[in-house]
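Each chain is listed here by its residues.
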Amino acid sequence: ALKNYQAVIKIRPDHVEARNNLGVIYDRRQQYDLAISEYQAAIKSNPQYAKAYYNLGVSYEAKSLANEALSAYQNAIRLQPDHSETYNRLGGLYEKQKQYDLAAEAYIKSLQVKPKNWNICNNLGVVYFKQKQYDKALDQFQTAIRLKPDFADAYYNLAIVYTQKEMPEKAIEADEQYQKLQKK
């Protein structure tokens, strides 16, 4: 695939999809500088190409360039406001920066686009837990479990919330379910 995309770019250097896809290949190989270069070339050819901004953000994040990733994700959202995963990545970035209000806001927007995403419910629950909003965290972890009953991480997080709320029986029950799922 790499050589095919390179051949296309040799003939048409402004081929946006080929540049973007070549960047994805470099990303998977952890060649982030090459990936970033391809995404930037795609954006230069078509500044309205949201996918390249999203992928650029992922590469910047992999290089721990938070401000650059933030800018890329914001551009992706501006161009494609219905892309749930961009909001999810943005939420994760804010969470790493301990900007929990902004993280929660991004996760909520992600869920507005894709309401049945168990992983995003879990992410939002983690942020609520970090904000000591235990009831909201509990609700998100329970929603994640309803959506994906074999989601071990949500049971683990549920056990932690129940422990924090001094509900030992429920904490033990959630932990037992977590342990059971871990063995699968």
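Residues numbered from 1 in each chain as written. Predicted model: local features only at pLDDT ≥ 70, side-chain atom pairs only at ≥ 80, totals over all residues. Heavy atoms only, no water.

> Looking at this structure, I do not really get the overall build of the chain. What am I missing?
Counting secondary structure elements, the chain contains eleven helices and zero strands. Going from the N terminus to the C terminus, the chain shows its helices and strands as α-α-α-α-α-α-α-α-α-α-α. Oriented by its inertia axes, the alpha-carbon framework of the chain measures out at about 65 × 35 × 25 Å. Burial statistics for the chain: of 184 residues in total, 45% are counted as buried. Partitioning the contacts of the chain with sequence separation of at least 6, the portion at a separation of at least 24 is 42%. When the accessible surface of the chain is totalled, it reaches about 10,400 Å², and 48% of it is carbon and sulfur. One finds the centroid of the 26 positive side-chain charges in the chain at a distance of 6 Å from the centroid of its 21 negative side-chain charges. (Helix = DSSP H or I, 4+ residues; strand = E, 2+ residues; numbered from the N terminus. Buried < 20%, exposed > 50% of the residue type's maximum accessible area, 1.4 Å probe, protein only. Contact = heavy atoms within 4.5 Å. Areas by Shrake-Rupley, 256 points an atom, 1.4 Å probe, with all protein chains shown as cover. Lys, Arg positive; Asp, Glu negative; His and termini not counted. Charge placed at Lys NZ, Arg CZ, Asp CG, Glu CD.)

> Explanation requested: the pattern of salt bridges in the structure shown.
It is possible for side chains bearing opposite charge to pair when their charged atoms get close. Across all of its chains, the model carries nine salt bridges by this definition. Across the pair Arg12 and Asp14 runs a salt bridge whose closest N-O atoms are separated by 3.8 Å. Given a relative accessible area of 43%, Arg12 falls into the partly exposed group. Owing to a relative accessible area of 44%, Asp14 belongs among the partly exposed residues under this scheme. (Salt bridge = Lys/Arg side-chain N within 4 Å of Asp/Glu carboxyl O.)

> Help me understand helix α5 (residues 66–79) in this model?
One turn of an α-helix holds 3.6 residues; hence residues three or four places apart share an orientation. With 14 residues, α5 extends 20 Å between its outermost C-alpha atoms, agreeing within 8% with the 20 Å of an ideal straight helix rising 1.5 Å per residue. Taken together, the buried positions of α5 are Ala69, Leu70, Ala72, Tyr73, Ala76 and Ile77. Buried residues of α5 fall within an arc of 165 degrees about the axis and therefore sit on the same side. The inward-facing, buried residues of α5 abut α4 (50–62) and α6 (84–96). (Expected span 1.5 Å × (residues − 1). Arc of directions from axis to C-beta.)

> How should the nonpolar core be read in this particular structure?
Inside soluble globular proteins, nonpolar side chains tend to come together where they are buried. Grouped together as the largest cluster of nonpolar side chains are 58 residues, with contacts concentrated most on Leu56, Tyr73, Leu90 and Leu158. Other than its neighbours up to four places away in sequence, Leu90 contacts Leu70, Tyr73, Ile77 and Ala106. (Core = buried A, V, L, I, M, F, W, Y, C linked by side-chain atoms within 4.5 Å.)

> Would you explain unusual backbone geometry in this entry?
Phi is mostly negative for residues that are not glycine, and the peptide bonds are mostly trans. A positive phi angle, near 60 degrees, is found at Ser64, a position not held by glycine. The backbone of Lys132 shows a phi angle near 65 degrees, a positive value even though the residue is not glycine. Structurally, Lys132 can be placed in the loop between α8 (118–130) and α9 (134–147). Classification of Lys132 by relative accessible area gives exposed; the value is 61%.

> Explain the packing of aromatic side chains here, please?
Both the distance between ring centres and the angle between the ring planes are used here to describe each pair of aromatic rings. With the rule as written, the count across this model stands at four aromatic pairs. Considering the side-chain rings of Tyr54 and Tyr73, the 6.1 Å spacing of their centres and the 45 degrees angle between planes classify their relative orientation as tilted. One end of the pair, Tyr54, is in helix α4; the other, Tyr73, is in helix α5, and 19 residues separate them in sequence. Judged on exposure class, the residue Tyr54 and its partner Tyr73 are both buried. The side chain of Lys148 reaches across the aromatic face of Trp118, ending 5.1 Å from its centre. (Phe/Tyr/Trp six-rings, centres within 6.5 Å; stacked < 30°, edge-to-face > 60°. Lys NZ or Arg CZ within 6 Å of the ring centre and 35° of its normal.)

> When you look at the packing of α8 against helix α10 (residues 152–164) in this model, what are you seeing that I'm missing?
Two measures define how a pair of helices packs: the angle their axes make with one another and the distance between the axes. Where α8 meets α10, the closest approach of the two axes is 11 Å, and the angle between their N-to-C directions is 20 degrees. Considered as vectors, α8 and α10 are oriented roughly parallel to each other. Two packed elements cross with a definite hand, and for α8 against α10 that hand is left-handed. Contacts between α8 and α10 involve Asn122, Val126 and Phe129 on the former and, on the latter, Asp153, Ala154, Asn157, Ile160, Val161 and Gln164. A breakdown of the residues in the contact of α8 with α10 according to their chemical character gives five nonpolar, three polar and one charged. (Axes fitted to C-alpha atoms, helices over the stretch in contact; angles between N-to-C directions. Parallel < 35°, antiparallel > 145°, perpendicular 65-115°, else oblique. Left-handed = near helix turned anticlockwise from the far one by under 90°. Nonpolar A, V, L, I, M, F, W, Y, C, P; charged D, E, K, R; others polar.)

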